[in-house]
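The primary structure of each chain is shown beneath.
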Amino acid sequence: MLSSLDDSAAPRAASAAPFGAASAHLAFADVEPGEDQRWSTWPATQPLERGPEPRPDWLVTSAAALDTELGIVKTGKEADLWLIERAVPGAPADVPGTRTLMAAKRYRGAEHRMFHRSAVYTEGRAAPRRSRDVRAVQRNSTYGREVARTEWAYAEFAALSRLTELGASVPYPVQVGETEVLMEFIGEGRTAAPRLAQVRATPDELRDLFHQVMGFMRTLAFAGLAHGDLSPYNLLVHRGRVVAIDLPQVVDVVANPNGFDLLHRDCVNVCEWFTRQRLECDAEALFGDLVGDVYR
């Protein structure tokens, strides 16, 4: 059985280059990239490496745009998140499609916990690799670590694209290349939105947040999917809206032998947190409802 997350485009196993090293070699008469800048990498991406249509009006696709690295947002177990501004020099800031902030998620290496647990999530995915790549990953060679990093980046991009098409509340995926995923930045100004675990809400606000999380889980369940690692630490709250992040491990609950166990764990993680906030939540009832959604 094929997973609904299968991606026919084979990722290129190469490390993410620093700004100025692997960017599109474009030149314009009066502008050159400065420190911590590169030309926009959008023109160098293939159609399957770009986010789904219809694309948001804030998306900057001009080859004249510069990407400017503004600093690191957070360091994670398997990847770091950087803040990037993509802007066309000299263009009016109030014109859509000329300036935007994005999050750049850059996968670091296969020595981290998520990579070692990857088989739990990837069972059932029809994503054949060359035998050389399989052996390299198993040996944990330098090349094998690059293959693993690239595969996780492309898996996250594929999941974000699929969930965007389903109408789920996730950051819009802009593009993927090598080990870097560029996506919509969720936050105010240059400050990232808080995680659900950091939010202090009134009972009414808490109830609304819970219904949003349930809605997200049901959207995935109707498509036969589960987040697979859902918790209040990978749910952001931005202007009252819940946005799910950290999605490379999204699983097809039918094709993956561990799928329903992972879905059940998601339910337990969510309900335990809401219960601690004094909002009644029955993990077993939620799990039963979602299983019914999967087979509906």
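A brief report on the enclosed structure follows.

Conventions adopted
Residues numbered from 1 in each chain as written. Predicted model: local features only at pLDDT ≥ 70, side-chain atom pairs only at ≥ 80, totals over all residues. Heavy atoms only, no water. Disulfide = S-S within 2.5 Å. Helix = DSSP H or I, 4+ residues; strand = E, 2+ residues; numbered from the N terminus. Buried < 20%, exposed > 50% of the residue type's maximum accessible area, 1.4 Å probe, protein only. Expected span 1.5 Å × (residues − 1). Arc of directions from axis to C-beta. Polar contact = N/O pair within 3.5 Å; in protein donor to acceptor, adjacent residues only side chain to side chain. Core = buried A, V, L, I, M, F, W, Y, C linked by side-chain atoms within 4.5 Å. Contact = heavy atoms within 4.5 Å. Salt bridge = Lys/Arg side-chain N within 4 Å of Asp/Glu carboxyl O.

1. Looking at the state of the cysteines
Put plainly, two cysteines are in a disulfide when a covalent bond ties their sulfur atoms together.
Thinking step 1. Tallying each qualifying case throughout the model produces one disulfide.
Thinking step 2. Linked covalently through their sulfurs, cysteine 271 and cysteine 281 form a disulfide whose S-S length is 1.9 Å. Here cysteine 271 is found in helix H6 (residues 259–276), whereas its partner cysteine 281 is found in the loop between H6 and helix H7 (283–294), with 10 residues between them in sequence. This pair shows no difference in class: cysteine 271 is buried, exactly as cysteine 281 is.
Thinking step 3. Unpaired in this structure, cysteine 267 has its nearest cysteine sulfur neighbour in cysteine 271, at a distance of 6.6 Å.

2. Re H7
Thinking step 1. Counted at 1.5 Å a residue, the expected span for H7 with its 12 residues is 16 Å, and the 16 Å between its end C-alpha atoms agrees.
Thinking step 2. Buried within H7 we find Ala283, Leu286, Phe287, Leu290, Asp293 and Val294. End-on view of H7: buried residues confined to an arc of 115°, all on one side of the axis.
Thinking step 3. Put simply, aspartate 282 is the residue that caps the front of H7, since its side-chain oxygen is 3.0 Å from the backbone nitrogen of glutamate 284.

3. What about the nonpolar core?
Thinking step 1. If you look at the biggest cluster of nonpolar residues, it comprises 54 residues, and the most contacted ones within it are Val213, Phe216, Met217 and Phe274.
Thinking step 2. Looking at this core, the element that brings in the most residues is helix H5 (residues 203–222), giving eight residues.
Thinking step 3. If sequence neighbours within four positions are ignored, valine 213 has contacts with Leu196, Leu230, Leu235, Val242, Val270 and Phe274.
Thinking step 4. Counting eight residues, the second-largest nonpolar core is a separate cluster that includes Leu59, Ile84, Met102 and Tyr172.

4. Let's talk about the pattern of salt bridges
Thinking step 1. Going through the model one piece at a time under the given rule, you end up with 15 salt bridges.
Thinking step 2. The salt bridge partner of arginine 38 is aspartate 67, with a shortest N-O separation of 3.0 Å. Separated by 29 residues along the polypeptide, arginine 38 in strand S1 (residues 37–39) and aspartate 67 in strand S2 (residues 66–75) bring together distant segments of the chain.
Thinking step 3. By relative accessible area, arginine 38 is classed as buried at 4%.

Treat this as a map of the structure, not an account of what it does.
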